[in-house]
Amino acid sequence: MVYQQRRLTLLNQVKPDSVVLFAANQIVYRNNDANFPFRQHSDFWYLSGFQEPDAWLLLSNKHGKQESVMFCLPNDKLAEIWHGRRLGVDNAVAELAVDAAHDVANLQEKLVDYLDGAEHVYFSLGENKANDECVMSVLEVLRSAPKQSKLAPTSLCDPRPLLHEMRLIKDEHELSLMRKAAQISVQGHQRAMRFSRPGIYEYQLEAEIHHEFLMSGARSPAYGSIVGAGDNACILHYTENSDIIQDNALVLIDAGAEYQGYAGDITRTFPANGQFTPEQKQIYQLVLDAQLAALEWYRPGFTLQQASDKAIEVITDGLIELGILSGTREENIQVNAHREYYMHGLGHYLGMDVHDVGDYKKDGQDRAFAAGMVLTIEPGIYIAPDADVDPKWHGIGVRIEDNVLITSDGYEVLTAELVKEPDAIEQFMQGSTQ
Ligand code: GLY
Ligand code: MN
Ligand code: MN
């Protein structure tokens, strides 16, 4: 069982005589009696696979004894008729491969016993006020009870650096889910391209993407889907998706499926009517050239900074060639002139969170790529409608984003199946039956 193995891997890295605590997410209400869809906390999910709210996971190596304990909601006929099935305390041990399970209603008093005599408590302070207070009050009970021979832990540690190092390097189980998330995300984009035509609303393309996600078993997008046509493509986090798509507009779609807890994160930019204008094609080709050049640096031993510098170099050269920037490459790079048109980073870690956990620096140095990391690679060029350039470029926004696994000797593009050469996009769209 992968979750049990991960718990042991974590327990083997914490200090002796430690208790490690993780809280599940809770239901969040959006408006009167209606809640947001429940999404488990990624750390909790990674270590337990358990999908219910209001649970806590405890890992302990106190006095040299390793154990995993789940606190969860008990079976309750009436509550389950109203709100859905619960695993229940009795089933938790076998189903979740933990050593013990308790009713979460008894969390505080049980924690007093589990923490008594441990030296260290690991807990992610600052994520949830009520959870922080729960842990603090348990520590307070222990501190104030020396006459009952209770011994409070003396150090509070953050489990996230250890856990997030684990999450940064994906295991085989995770990679199979990430391949599936990538595949479903590709299908969503393909469907949007097939359905694209001038005169429909951006949200109608969003609907086609989400249709594909749900039909393939991805119950949610991994983040708010961006469907921006025309000038809207120049708004980086545009999620209103409410405008009519005009003829000759470029459509930028940044959308990814979440499949069993793992995110896809793809951007494609295509002409609404299936044919790029010459200016759109020139900017598109430049972004693609930058992406392909930077991709060659996505190999073990190189850094995201090196790849990013390569993308900036290609984009700067290209913008000079197109007359959008003037001066030499060196002059422009010196003052980061590209930032007017390419104002975000090249990529980020991808996993259970779309902007996934893991440090980008180690010992003050840029961190080298390592096998098992998954990242995005997503250069873009966005020329605002009022930019101080030839108006023929105005309102062109292009981003191309793929998901890349670092392998032992290079990289694998998990989203390679989705067309991205401009001619291939035109062919794909013109060959569509919609
Ligand atoms: N979709 C969010 C991002 O590309 O980072
Ligand atoms: Mn994205
Ligand atoms: Mn991204």
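Being a predicted model, the structure only gives us computed values, none of them experimental.

Draft legend 1. Spatial organisation of the coordination of the manganese ion (ligand 2). In the first shell of the manganese ion (ligand 2), the protein supplies D254 (OD), D254 (OD), D265 (OD) and E401 (OE), at 2.0 to 2.4 Å from the metal. What the 6 donor atoms of the manganese ion (ligand 2) show is an angle range of 57 to 170 degrees at the metal, which sorts the shape as irregular. Within one chain, the residues serving as donors to the manganese ion (ligand 2) are arranged as D-x10-D-x135-E. The manganese ion (ligand 3) is placed at 3.3 Å from the manganese ion (ligand 2), the two being bridged by D265. Pair noted here: D254 is in strand 11 (residues 250–255) and D265 is in the loop between strand 13 (262–263) and strand 14 (266–271), with a separation of 11 residues, a long-range link. Assigned by exposure class, D254 and D265 land together as buried.

Draft legend 2. A look at the coordination of the manganese ion (ligand 3). Within the protein, the atoms that donate to the manganese ion (ligand 3) are D265 (OD), H348 (NE2), E378 (OE) and E401 (OE), at distances of 2.0 to 2.3 Å. Classification of the site at the manganese ion (ligand 3) rests on its 6 donor atoms, whose angles at the metal span 51 to 153 degrees, yielding the label irregular.

Draft legend 3. Looking closely at a nonpolar patch on the surface. There is a patch of nonpolar side chains on the surface, built from L78, I81 and W82 and spanning about 430 Å² of accessible area. Of note, I81 is situated in helix 3 (residues 77–83). The exposed category is assigned to I81, whose relative accessible area is 65%.

Draft legend 4. Molecular detail of the sheet that holds strand 17 (residues 374–377). On the basis of which strands lie adjacent, the open sheet formed by 3 strands has the order 17-20-21 and antiparallel pairing. The open sheet has two edge strands with one neighbour each: strand 17 and strand 21 (410–413). Averaged over neighbouring strand pairs, the angle between their axes works out to 40 degrees when direction is ignored. Where strand 17 meets strand 20 (residues 402–407), 4 bridges bridge the pair, whose relative direction is antiparallel. Across the sheet, the residue bridging to I377 is D402, located in strand 20.

Draft legend 5. Representation of the site of ligand 1. For ligand 1, the full set of nearby residues is Y223, D254, D265, H348, H355, E378 and E401. The side chain of E378 places a nitrogen or oxygen atom 3.1 Å from an oxygen atom of ligand 1. Contacts to ligand 1 include E401, whose side-chain N or O atom sits 3.2 Å from an oxygen atom. For ligand 1, whose free accessible area comes to 190 Å², the fraction covered by protein is 88%. Residues that form the shell around ligand 1 fall into these classes: 1 nonpolar, 2 polar and 4 charged.

Draft legend 6. Focus on the pattern of salt bridges. Per the counting criterion, the structure on display carries 25 salt bridges. A salt bridge links D158 to R160; the shortest N-O distance between them is 2.9 Å. On the basis of relative accessible area, D158 is assigned to the partly exposed category, the value being 35%. Residue classification places R160 among the buried residues on the basis of a relative accessible area of 18%. Between R167 and D353 there is a salt bridge, and its shortest N-O distance comes to 3.0 Å. Separated by 186 residues along the polypeptide, R167 in helix 7 (residues 160–168) and D353 in the loop between helix 12 (329–334) and strand 15 (361–362) bring together distant segments of the chain.

Draft legend 7. A look at the packing of helix 5 (residues 107–115) against helix 6 (residues 129–143). For the pair helix 5 and helix 6, the least separation of the axes is 9 Å and the interaxial angle reads 55 degrees. One finds that helix 5 runs oblique with respect to helix 6. Taken as a pair, helix 5 and helix 6 cross one another with a handedness that is right-handed. Across the interface between the two elements, L107, Q108, L111, V112 and L115 of helix 5 pack against C134, S137, V138, L139, V141 and L142 of helix 6. Grouping the amino acids of the contact of helix 5 with helix 6 by side-chain chemistry returns 9 nonpolar, 2 polar and no charged.

Criteria and cut-off values
- Residues numbered from 1 in each chain as written.
- Chains lettered and ligands numbered in written order.
- Predicted model: local features only at pLDDT ≥ 70, side-chain atom pairs only at ≥ 80, totals over all residues.
- Heavy atoms only, no water.
- Donors = N, O, S within 2.8 Å, 3.2 Å for Na, K, Ca; no water.
- Tetrahedral: all angles 85-135°; square planar, octahedral: opposite > 155°, others 65-115°.
- Helix = DSSP H or I, 4+ residues; strand = E, 2+ residues; numbered from the N terminus.
- Buried < 20%, exposed > 50% of the residue type's maximum accessible area, 1.4 Å probe, protein only.
- Patch = residues over 30% accessible without salt bridge, like charges linked within 9 Å, V, L, I, M, F, W, Y side chains within 5 Å.
- Areas by Shrake-Rupley, 256 points an atom, 1.4 Å probe, with all protein chains shown as cover.
- Salt bridge = Lys/Arg side-chain N within 4 Å of Asp/Glu carboxyl O.
- Pairing = 2+ DSSP bridges.
- Axes fitted to C-alpha atoms, helices over the stretch in contact; angles between N-to-C directions.
- Near = heavy atom within 4 Å.
- Polar contact = N/O pair within 3.5 Å; in protein donor to acceptor, adjacent residues only side chain to side chain.
- Nonpolar A, V, L, I, M, F, W, Y, C, P; charged D, E, K, R; others polar.
- Parallel < 35°, antiparallel > 145°, perpendicular 65-115°, else oblique.
- Left-handed = near helix turned anticlockwise from the far one by under 90°.
- Contact = heavy atoms within 4.5 Å.

Honestly, that's just the spatial picture; any functional story needs more than this.
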